[in-house]
Amino acid sequence: MQLVHAAVFVAFLALGVRVRLASDPRVRRRRVVHLVAYVAGAHLLAGLTQKDAWPFTSHTIAVGRARAEAPVCLVELAGLDAYGEEWRLDPYSWMPLYESVLHYWLERNLSRLTDEERRTALAFLLDRAEAARERLSEGRAIGPQRWLGPLGAPYWLLLPRPAPPPETLSGLRVYQACWVPRERYTDALRVRRRVLAEHFAGAGGPR
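It should be emphasised that the depicted structure is a prediction, and the values quoted were computed from it without experimental measurement.

1. Remarks on the overall build of the protein
- When you go through the protein residue by residue, the secondary structure sums to six helices and four strands.
- Order of helices (α) and strands (β) in the protein, N terminus to C terminus: α-α-β-β-α-α-α-β-α-β.
- Its C-alpha atoms give the protein a radius of gyration of 25 Å, clearly above 17 Å, the size a compact globule of 207 residues would have.
- By principal-axis analysis of the C-alpha atoms, the protein measures approximately 80 × 40 × 35 Å.
- Residue pairs at least 24 apart in sequence account for 65% of intrachain contacts in the protein once pairs closer than 6 positions are excluded.
- Accessible area of the protein: about 14,300 Å², with a carbon and sulfur share of 60%.
- Distance between charge centroids for the protein: 14 Å, based on 29 positive and 21 negative side chains.

Right, dumping it as structure tokens:
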């Protein structure tokens, strides 16, 4: 199968080279039509067979049917102020790293770290969260908009963008949050959370 995929790619390159080498406008136009037809046909075939052959893909985002009874568990990060109140953090706080990628890393690696490594990692994340909170509180942008202004496109339009906490963040807490979709559909608060790790700046926790 890999040889077939290689052949598909080589044919694509060959058709492109043929266009580049054509000096006669009529020949070039005909070869461009051949290239466009090949690209369209390859994409159509990939979609019908649901088989990728890079650079032609089926563009499948998710495979399978969701089960409303199957538990879902995700990592969540919460910022804490000096009084122990938790605040939801802006998902762009970690940019250029996507929040979902950070969650995967924490889920996979947090338990493998030594105590010192865990403190170092969480202290770094707390610093990033506080820096983002400070910028937002001052009306400055974070994430893509920090560098490109209004031209900075969000990486996911459905991500919630909560208001920044009014107080300086003095702690960070990492949760594993689990729920059953069918249950949460009727009760949005029906989520079980377990603390995986927490870190406080300075010598102590919240007052």
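Text resumes after the structure shown.
2. Regarding the layout of surface pockets
- By volume, the largest pocket amounts to about 830 Å³.
- Surrounding the largest pocket, 24 residues form its lining, Val75, Glu76, Arg88, Glu99 and His103 being those nearest its centre.
- Those elements giving two or more residues to the lining of the largest pocket turn out to be β1 (72–80), β2 (86–88), α3 (99–109) and β3 (171–179).
- Of the residues in the lining of the largest pocket, the class split is 15 nonpolar, two polar and seven charged.
- What the second largest pocket holds in volume is close to 220 Å³.

3. Describing unusual backbone geometry
- Looking along the chain, the bond that leaves Met95 and enters Pro96 is cis, with omega of 15°.
- Note on placement: Pro96 falls in the loop between β2 and α3.
- For Gln50, which is not a glycine, the phi torsion comes out positive at approximately 55°.
- With respect to the element layout, Gln50 can be found in the loop between α2 (25–49) and β1.

4. With respect to the sheet that holds β3
- Spatial strand order, β2-β1-β3-β4: four strands in an open sheet with antiparallel pairing. The open sheet has two edge strands with one neighbour each: β2 and β4 (192–200). Here the average twist between neighbouring strands, direction ignored, is 35°.
- The sheet contact formed by β1 and β2 spans three bridges and is antiparallel. The residue bridging Gly79 from the neighbouring strand is Trp87, located in β2.
- Set on the sheet, α3 makes contact with β1 and β3; between it and β1 the angle comes to about 105°.
- Sitting on the sheet, helix α4 (residues 115–137) is in contact with β3 and β4, with an inclination near 90° to β4.

What counts as what
Residues numbered from 1 in each chain as written. Predicted model: local features only at pLDDT ≥ 70, side-chain atom pairs only at ≥ 80, totals over all residues. Heavy atoms only, no water. Helix = DSSP H or I, 4+ residues; strand = E, 2+ residues; numbered from the N terminus. Rg over C-alpha atoms; globule rule 2.2 N^0.38 Å. Contact = heavy atoms within 4.5 Å. Areas by Shrake-Rupley, 256 points an atom, 1.4 Å probe, with all protein chains shown as cover. Lys, Arg positive; Asp, Glu negative; His and termini not counted. Charge placed at Lys NZ, Arg CZ, Asp CG, Glu CD. 1 Å grid on protein atoms, 1.4 Å probe; cavity = no way out; pocket = protein on both sides within 12 Å on 5 of 7 lines; lining within 4 Å. Points joined across faces, edges and corners; volume = space filled by probe spheres on them. Nonpolar A, V, L, I, M, F, W, Y, C, P; charged D, E, K, R; others polar. Pairing = 2+ DSSP bridges. Axes fitted to C-alpha atoms, helices over the stretch in contact; angles between N-to-C directions.

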